[in-house]
Amino acid sequence: MTSKHILLRALAAVSAWSLLFAGIVISSGCGGGGNVPRVSPSPNNVGRATFTVAWPAYEPSRLIPSASNSIRITITKTEGSFLAEKVMERPSGGAGGVTTTAFSNLPVGSVIATASALPTADGSGTIQATASAAVTIVGGQNADLSLTMNSTITRLEVSPLPLSLASGNSATLTVTAKNNAGNIVLIDPAKITFASTNSVVATVDSAGKVVAGSVGSGTLTITETESGHTTTVPIDVMPSFVDQVVTLLNEERAKVGLAPLKIDARLARAAQLHADDMKEYNYFSHTDRNGGQPWDRTQAQGYPRNTYIGENIAGAFKTPAEVMQAWMNSPGHRDNILNANYRSIGVGYNPQYWVQVFGGV
């Protein structure tokens with residue numbers, strides 16, 4: 001488990017978040033030097049502890065979670081009974097600063113000091129890091145204490161899972177940190193890193209956006225850098241929806257002894273432009289907004305006009321298998337798919353519409 005070190009000693013030496021015991025003395029002593037407050041005489045069975053927190057600006061730090069906005073200091077007896085508690089809020093503005101709090105009338109002997117980093121300014125929420133250490137209050141002496149704050153994160157959960165994308169498609173990962181009890185631990189998104197073991201199959205950027213590349217399998221590695229916790233996510237990249245539609249179409253043609261259709265870039269452009277135009281302008285028709293027909297759109301992309309041209313369109317289907325099944329169940333669409341006069345195919349797709357354009361060349 002990666003630790004968040006909090007040095008309770010020399011404020012001047014601290015370069016990131018730190019927690020410093022300015023001193024622990026009882027009243028009968030002569031006090032410490034320098035930054036140890038003088039304590040007025042009082043019974044010898046009580047003492048005082050002063051805590052100072054140095055808060056740096058919001059910047060990369062391995063010492064304490066950057067998403068923390070307060071530190072809660074709890075003092076208990078060694079057997080666990082509560083003595084005192086205070087919350088030290090991060091200074092506003094994120095530019096750093098120093099806050100100090102003092103505990104008076106602590107009993108002589110051993111007590112337990114617990115520091116907990118929390119996401120809210122009022123000390124509420126799920127603890128992000130914590131540590132405890134024993135402090136012995138001895139008359140007339142200062143007490144220095146070092147704490148190592150351990151992250152409470154025990155696992156990272158990633159969604160969506162399972163991660164399976166068609167080539168060219170993308171998805172954005174969401175990472176949630178949880179503690180041993182299953183509670184969500186607030187983390188700074190800037191402290192999460194993403195990496196792909198095979199950038200040919202899939203790439204992932206610093207925001208967790210995954211883009212599927214070539215067909216195959218790979219692994220994504222996600223790390224929460226402050227706690228050091230890492231998890232891996234398998235990714236499977238399938239052929240693009242366009243490729244899948246063409247494959248399914250040619251399988252249907254093969255069943256009746258017809259030659260496969262080859263993909264033609266001109267027909268593909270005409271199909272994609274029509275699919276996107278229908279989506280953008282919210283209509284569903286073989287006739288486009290300008291009154292153009294399929295052969296007008298293919299000719300505009302440089303495909304010969306004096307040949308066979310056909311078009312299938314569909315909407316609201318989620319997968320290539322679903323839309324192909326619907327087309328095959330419709331006599332008119334099926335006739336296009338199984339037309340022996342066609343030699344080439346172009347497919348357009350967006351999350352709303354599917355378009356097949358057939359050509360005789």
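Chemist: How do you make sense of the pattern of salt bridges when you look at a structure like this?
Modeler: Here the idea is simple: oppositely charged side chains can pair when their charged atoms come close. Under the criterion given, the structure shown has nine salt bridges. With a closest N to O distance of 3.0 Å, Asp277 and Arg289 form a salt bridge. In this pair, Asp277 sits in helix α2 (residues 265-281) while Arg289 sits in the loop between α2 and α3 (294-300), placing the two residues twelve residues apart along the sequence. Asp277 gets classed as buried once you look at its relative accessible area, which sits at 15%. Residue class for Arg289 comes out partly exposed when judged on its relative accessible area of 45%. One salt bridge connects Asp296 with Arg305, and the closest N-O pair in it is separated by 2.9 Å.

Chemist: Before we go on, may I ask you to explain the sheet that holds strand β15 (residues 192-196) in this structure?
Modeler: Taken in spatial order, the four strands of this open sheet run β11-β19-β18-β15, and their pairing is mixed. Looking at which strands have only one partner, the edges of the open sheet turn out to be β11 (163-166) and β15. The sheet shows a mean angle of 25° between the axes of neighbouring strands, direction not considered.

Chemist: Could you clarify how one ought to interpret the environment of Leu338 in this entry?
Modeler: When you line up the elements, Leu338 lands in the loop between α5 (331-337) and β22 (344-349). Along the primary structure Leu338 and Gly257 are separated by 81 residues, whereas in three dimensions their C-alpha atoms are 9.6 Å apart. Here Leu338 is in contact with Glu252, Arg253, Val256, Leu258 and Met328, once residues within four sequence places are set aside.

Chemist: Explanation requested: the sheet that holds strand β17 (residues 209-212) in the structure shown.
Modeler: Within a sheet, adjacent strands bond to each other through the backbone by hydrogen bonds, running parallel or antiparallel. Across the sheet, which stays open at both edges, the three strands sit in the order β12-β17-β16 with antiparallel pairing between neighbours. Each edge of the sheet is formed by a strand with only one pairing partner; in this case those strands are β12 (170-172) and β16 (202-204). Strand-to-strand, the axes of this sheet are offset by a mean angle of 15°, without reference to chain direction. The pairing of β12 with β17 spans three bridges and is antiparallel. When the sheet's bridge partners are listed, Thr172 is paired in β17 with Lys209.

Chemist: What am I meant to see in unusual backbone geometry here?
Modeler: Peptide bonds are, in most cases, trans, and in most cases residues other than glycine have a negative phi. At the junction of Ser159 and Pro160, the peptide bond is cis and its omega measures out at 0° in the coordinates. Counting through the fold element by element, Pro160 comes out in the loop between β10 (155-159) and β11. The omega angle of the peptide bond from Leu161 to Pro162 is -5°, so this bond is cis rather than trans. One non-glycine residue with positive phi stands out, namely Asn282, at about 55°. Residue position: Asn282 is located in the loop between α2 and α3. Relative accessible area serves as the criterion here: at 63%, Asn282 is assigned to the exposed category.

Chemist: Could you clarify how one ought to interpret the packing of aromatic side chains in this entry?
Modeler: Any pair of aromatic rings gets described here by the distance separating the centres and the angle formed by the planes. This structure, assessed with the given rule, holds five aromatic pairs. When the centroid spacing of 5.8 Å and the interplanar angle of 25° are considered together, the rings of Phe241 and Trp354 count as stacked. Of this pair, Phe241 sits in helix α1 (residues 241-255) while Trp354 is found in strand β23 (residues 353-359), placing the two residues 113 residues apart along the sequence. For the residue pair Phe241 and Trp354, the accessibility class agrees, reading buried in each case. Consider the rings of Tyr342 and Phe358, whose centres lie 5.1 Å apart with planes at 20°: the pair is stacked. Here Tyr342 is found in the loop between α5 and β22, whereas its partner Phe358 is found in strand β23, with 16 residues between them in sequence. Residue classification places Tyr342 among the buried residues on the basis of a relative accessible area of 6%. Given a relative accessible area of 0%, Phe358 falls into the buried group.

Cut-offs used in this document
- Residues numbered from 1 in each chain as written.
- Predicted model: local features only at pLDDT ≥ 70, side-chain atom pairs only at ≥ 80, totals over all residues.
- Heavy atoms only, no water.
- Salt bridge = Lys/Arg side-chain N within 4 Å of Asp/Glu carboxyl O.
- Helix = DSSP H or I, 4+ residues; strand = E, 2+ residues; numbered from the N terminus.
- Buried < 20%, exposed > 50% of the residue type's maximum accessible area, 1.4 Å probe, protein only.
- Pairing = 2+ DSSP bridges.
- Axes fitted to C-alpha atoms, helices over the stretch in contact; angles between N-to-C directions.
- Contact = heavy atoms within 4.5 Å.
- Phe/Tyr/Trp six-rings, centres within 6.5 Å; stacked < 30°, edge-to-face > 60°.

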